[in-house]
Amino acid sequence: MDIFSAASLSALLQVIAIDLVLAGDNAIVIGLAAAGLPTEQRKKAILIGVLAATVLRILFAAVTVKLLAIVGLLLAGGILLLWVCWKMYRELRTSQADEQEATEALSNSDLDNDSAVAGKAPRKTLGQAALQIVIADVSMSLDNVLAVAGAARDHFWVLIIGLVLSIGLMGLAASFIARLLHRYRWIAYVGLAIILYVALDMVYRGAMEVWPHVNNAVS
């Protein structure tokens with residue numbers, strides 16, 4: 001059966017790694033946006049971010065699966081995912097101080113023992129933080145769904161598990177994952193390598209799909 005095949009299990013492992021890294025990445029972005037708020041507003045901003053990411057992942061998953069079936073869009077998706085890899089690489093080089101502020105905001109704890117939680121972050125209003133979070137969520141939710149759909153390929157059950165896992169990680173374990181990636185940087189780089197592999201595979205499969213049409217047009 002497909003559910004027990006080596007290809008489907010390999011796809012599932014890729015999806016789990018992608019979800020882990022991108023959930024942590026998304027959580028850090030939410031934490032950075034919420035870090036500049038007073039303590040009582042910070043939880044509201046983080047909740048807005050998690051709920052927005054959840055809704056957007058469901059919407060994007062419904063659309064992306066259909067779009068990737070259109071000739072040429074698998075190639076376009078792979079190219080877009082290559083850009084996501086570059087963006088992730090740049091984000092992984094975010095200063096340790098900024099990441100510390102984000103992690104403190106998410107966990108609501110003074111990790112650096114400076115008698116303040118995210119005390120060095122620039123101040124902002126709840127409206128400013130919420131807008132920043134939702135805009136970031138749109139981009140990062142699309143990144144997540146595209147990467148998971150590319151890794152899952154034709155294994156629909158893997159895609160569903162990936163979506164549920166992504167939502168669960170964002171809702172229940174965001175601060176834990178952010179701390180984990182902050183402490184063990186190599187996990188994020190392993191995840192980045194897997195997403196790069198998925199992107200290159202999508203580009204290759206998309207090019208093979210498009211080539212006969214291009215060849216026929218030229219002939």
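Fair warning: this is a prediction, and the values are worked out from it, not measured in the lab.

**A few points about the overall build of the protein**
- Helix and strand content of the protein: 8 helices and 0 strands.
- Start at the N end of the protein and walk to the C end: the helices and strands fall as α-α-α-α-α-α-α-α.
- Residues classed as buried in the protein amount to 45% of the 219 residues present.
- Taking all contacts inside the protein whose residues are at least 6 apart in sequence as the whole, residues at least 24 apart take part in 84%.
- Of the accessible surface of the protein, which amounts to about 11100 Å², a share of 70% is contributed by carbon and sulfur atoms.

**Overview of the layout of surface pockets**
- Its boundaries defined by the atoms lining it, the largest pocket holds a volume of some 240 Å³.
- Lining the largest pocket are 13 residues, and of these Val65, Leu68, Ala149, Arg153 and Asp154 sit closest to its centre.
- Put simply, the parts of the chain that give the lining of the largest pocket at least two residues each are α2 (39-68), α5 (126-152), α6 (156-172) and α8 (185-218).
- The biggest single contributor to the lining of the largest pocket is α2, with 3 residues.
- For the lining of the largest pocket, the class distribution of residues is 8 nonpolar, 1 polar and 4 charged.

**Notes on empty space enclosed by the protein**
- Summed over all chains, the structure comprises 2 cavities of 30 Å³ or more.
- Taken as a whole, the largest cavity encloses approximately 40 Å³ of empty space.
- In terms of lining residues, the largest cavity is bounded by Ala61, Asn144, Val145, Val148, Ala149, Leu159, Gly162 and Leu163.
- Every element with two or more residues in the lining of the largest cavity is listed here: α5 and α6.
- Looking at the lining of the largest cavity element by element, the count peaks at 4 residues for α5.
- Residues of the lining of the largest cavity, tallied by class, amount to 6 nonpolar, 2 polar and no charged.

Conventions and cut-offs
- Residues numbered from 1 in each chain as written.
- Predicted model: local features only at pLDDT ≥ 70, side-chain atom pairs only at ≥ 80, totals over all residues.
- Heavy atoms only, no water.
- Helix = DSSP H or I, 4+ residues; strand = E, 2+ residues; numbered from the N terminus.
- Buried < 20%, exposed > 50% of the residue type's maximum accessible area, 1.4 Å probe, protein only.
- Contact = heavy atoms within 4.5 Å.
- Areas by Shrake-Rupley, 256 points an atom, 1.4 Å probe, with all protein chains shown as cover.
- 1 Å grid on protein atoms, 1.4 Å probe; cavity = no way out; pocket = protein on both sides within 12 Å on 5 of 7 lines; lining within 4 Å.
- Points joined across faces, edges and corners; volume = space filled by probe spheres on them.
- Nonpolar A, V, L, I, M, F, W, Y, C, P; charged D, E, K, R; others polar.

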